[in-house]
Amino acid sequence: MRMRKEIKPCLLVLGALLLSSAGLHAELSLPNIFSDHMVLQREQANPVWGTAEARQKITVSIADQRHETQADEQGRWRVKLDPMAASSEPKTLQVAAGDAQVSFHDVLIGEVWFCSGQSNMGWNVASSNHVDVELASANYPNIRLLRVPTLGAAEPQDQFDGQWQKCSPETVGPFSATGYFFGRRLHQTLGVPVGLVNNAWGGSPIESWIPRDALEAAGDYQGMLEEWDKRYASYSDEVLAEEIADFEAWEKSGKPAPRRWRPEDIRIGRHRPANIWNGVVHPTVGYGIRGIVWCQGESNLRDPMQYRSLFPLLIKTMRERWGQGDFPFYWVQLTDYSNETPEPQEKSSWAELREAQTMTLSLPNTGEAIVIDIGEARDIHPRDKQTAAMRLVRHALAKDYGINMATESPRFQSMEIVGNKALLTFEQVQHGLYAFDVEQVKGFAIAGDDQKFVWAKAKIIDNKRVEVWSDQLVAPVAVRYAWADNPVANLYDRNGLPVTPFRTDK
């Protein structure tokens, strides 16, 4: 994996001074989220923005509409297009300022989704299951793909190096597998163009995706921010400038990556709070979208309890900054990983982080795809991205496009102790619970007052209830299901959606 750099504030000073001194003579420009082959979100007033000379008149036109505005004192301008119906007929978006004009060709109108998170969202089509079939069949010219390069920055960036491409066997390989399989199902079902923006970054913690002011305003992360500020200050400007120059030279050379870069220099770009927001998200904020699909969490296993507040903060902040209300936000829960354990796990950061993800369903317009059955014990990156995307796209198809299908995995609702047994009731069950592969229900553990969990026997009572017990316990008080790094669990809804991992104890 190629190294990515971080831009320090002092390294931006010269560029900022040049920009301010040239403000009255700035060329007409737009961020690269606008390019040939892009997709604009249908049935929505989409923003278009950029820079030009200060106070210059700006004209934006597409199809039969025309909009005018004036750049402000800093040369920044912004308009909103009138909503348009889905269309596969190529259009041209034209922006004019004085004698300058920028035109974007082959613009389609359809559904736009961002595909964000860390490596399991970034994991590409070329490294996934059935790659030969997937590449050969990727002839979808009305699916458009945009990859945002990974760049950690200490200050918000307005631009990135990338452009939209038509989906084809030649272009789809490096793209997010989960994102592509999700978007392909949308395109096949809806029959409209689909635009997918892949801005995932492997190994990134969630706090890197949240702007600094939002973390500060939350009031819970000051210690984390101060620790990173102290660490960051230890890197001299000269050292970082030299590293960046050497990195850029290597990147152009095509040679193998040098080994002399220190690990902390390599990692700081994606690990420091707010860095990914500044370098990767900020240049795209406000572009018209339907929603975001997300797959991330492994880099926050050090503190699953903190994820209970960070994940909702991320979603709320993105919605607030985008200015589109509570747009859909759907995620893939952590998969199963590592060795199976012969006895119930007393402590599992994987299970606790999955629990934090499920708790975030309390936010409106959210959805979760359960994938504890598709992981690979020896690889944190399961190749079966097709199943993950299939479960993820159910949420969009049903909730956003009105197609009648199940979206939710069954979830624990209530527990009643009857003698030496626990009677569990589940919600979000569509066709009825069943045990996959074998008749024996696997994955339950049970405990008494001592909180010592032992494996339990379980029996499906009816479509929504399961009876759980152990011959070792007379008075059970708590039950857990699939509560492990790599749980052995086989309880499903008959529609193929696995039961959500849970615990009844706190």
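A quick note: this is a predicted structure, and the numbers were derived from the prediction, not measured.

Novice: Describe the sheet that holds strand S20 (residues 454-455), listing the residues and the values that go with them.
Specialist: Think of a sheet as strands paired side by side through backbone hydrogen bonds, with each pair either parallel or antiparallel. Pairing in this open sheet of 4 strands is antiparallel, and the strands run S20-S19-S23-S25 from one edge to the other. On the outer flanks of this sheet lie S20 and strand S25 (502-503), each paired with one strand and no other. Here strand S23 (residues 478-481) pairs with S25 via 2 bridges, running antiparallel. In the sheet register, Tyr481 faces S25, and the bridge partner there is Phe502.

Novice: Give me the lowdown on the sheet that holds strand S22 (residues 465-469), citing residues and values where you can.
Specialist: Sheet architecture is open: 4 strands sit in the order S16-S17-S22-S21, paired in antiparallel fashion. Each edge of the open sheet is held by one strand with a lone partner, namely strand S16 (411-418) and strand S21 (457-462). Going across the sheet, the axis of each strand differs from the next one's by a mean of 25°, ignoring polarity. With 5 bridges joining them, strand S17 (residues 421-427) and S22 adopt antiparallel strand pairing. Bridged to Thr425 within S22 is Arg465.

Novice: Residue-level account of the packing of aromatic side chains, with values.
Specialist: Here the structure, examined in full by the defined rule, presents 23 aromatic pairs. On the basis of an interplanar angle of 70° and a centroid distance of 4.8 Å, the ring pair of Phe311 and Trp331 is categorised as edge-to-face. Highlighted residues: Phe311 in helix H10 (residues 304-322) and Trp331 in strand S14 (residues 329-332), separated in sequence by 20 residues. As far as burial versus exposure is concerned, Phe311 and Trp331 are alike and both buried. Three or more aromatic residues joined by ring pairs make a cluster, and in this case those are Trp209, Trp294, Tyr307, Phe311, Phe329 and Trp331. The aromatic ring of Phe327 is capped on one face by Arg319, whose charged end is 6.0 Å from the ring centroid. In this structure, Lys421 is placed above the aromatic ring of Trp469, and the distance from its NZ or CZ to the ring centre is 4.6 Å.

Novice: So what about the packing of helix H4 (residues 177-190) against helix H12 (residues 385-399)? Which residues, and what values?
Specialist: For the pair H4 and H12, the least separation of the axes is 8 Å and the interaxial angle reads 50°. Between H4 and H12, the crossing angle belongs to the class labelled oblique. Here the hand of the crossing between H4 and H12 comes out right-handed. Every residue of H12 that contacts H4 at Ala177, Thr178, Phe181, Phe182, Arg185, Leu186 and Thr189 is listed here: Lys385, Gln386, Ala389, Met390, Leu392, Val393, Ala396 and Leu397.

Novice: An account of the environment of Tyr481 is needed here, citing residue identities and associated values.
Specialist: Summarising the element assignment, Tyr481 is placed in strand S23. The class of Tyr481 is buried, set by a relative accessible area of 1%. Linking Tyr481 and Ile446, residues 35 residues apart in sequence, is a C-alpha distance of 8.9 Å. Aside from chain neighbours lying at most four places away, what touches Tyr481 is Lys442, Gly443, Phe444, Ala489, Asn490, Leu491, Val499, Thr500, Pro501 and Phe502.

Novice: Help me get a handle on H10, residues and values and all.
Specialist: Helix length check: H10, at 19 residues, gives a terminal C-alpha distance of 27 Å against a target of 27 Å (1.5 Å per residue), a fit within 8%. Where H10 terminates, the next one or two residues include Gly323, which has phi positive at roughly 75°.

Novice: Describe the pattern of salt bridges, and please don't skip the residues or the numbers.
Specialist: Pairing between side chains of opposite charge can happen when the charged atoms of each approach one another. Taken as a whole and assessed by the stated rule, the structure comprises 26 salt bridges. Its salt-bridge partner being Arg42, residue Glu111 comes within 2.4 Å of it at the nearest N-O pair. Of this pair, Glu111 sits in strand S8 (residues 100-117) while Arg42 sits in the loop between strand S2 (39-41) and strand S3 (47-51), and the two are 69 residues apart along the sequence. Neither residue differs from the other here; Glu111 and Arg42 are each classed as buried. Note that Arg308 is salt-bridged to Glu355, the shortest N-O span being 3.0 Å. Of this pair, Arg308 sits in helix H10 while Glu355 is found in helix H11 (residues 349-359), placing the two residues 47 residues apart along the sequence. Glu355 sits in the buried class, given a relative accessible area of 15%. Beyond isolated ion pairs, a larger network of salt bridges with shared partners links Arg212, Glu216, Asp229 and Arg272.

Cut-off values and rules
Residues numbered from 1 in each chain as written. Predicted model: local features only at pLDDT ≥ 70, side-chain atom pairs only at ≥ 80, totals over all residues. Heavy atoms only, no water. Pairing = 2+ DSSP bridges. Helix = DSSP H or I, 4+ residues; strand = E, 2+ residues; numbered from the N terminus. Axes fitted to C-alpha atoms, helices over the stretch in contact; angles between N-to-C directions. Phe/Tyr/Trp six-rings, centres within 6.5 Å; stacked < 30°, edge-to-face > 60°. Buried < 20%, exposed > 50% of the residue type's maximum accessible area, 1.4 Å probe, protein only. Lys NZ or Arg CZ within 6 Å of the ring centre and 35° of its normal. Parallel < 35°, antiparallel > 145°, perpendicular 65-115°, else oblique. Left-handed = near helix turned anticlockwise from the far one by under 90°. Contact = heavy atoms within 4.5 Å. Expected span 1.5 Å × (residues − 1). Salt bridge = Lys/Arg side-chain N within 4 Å of Asp/Glu carboxyl O.

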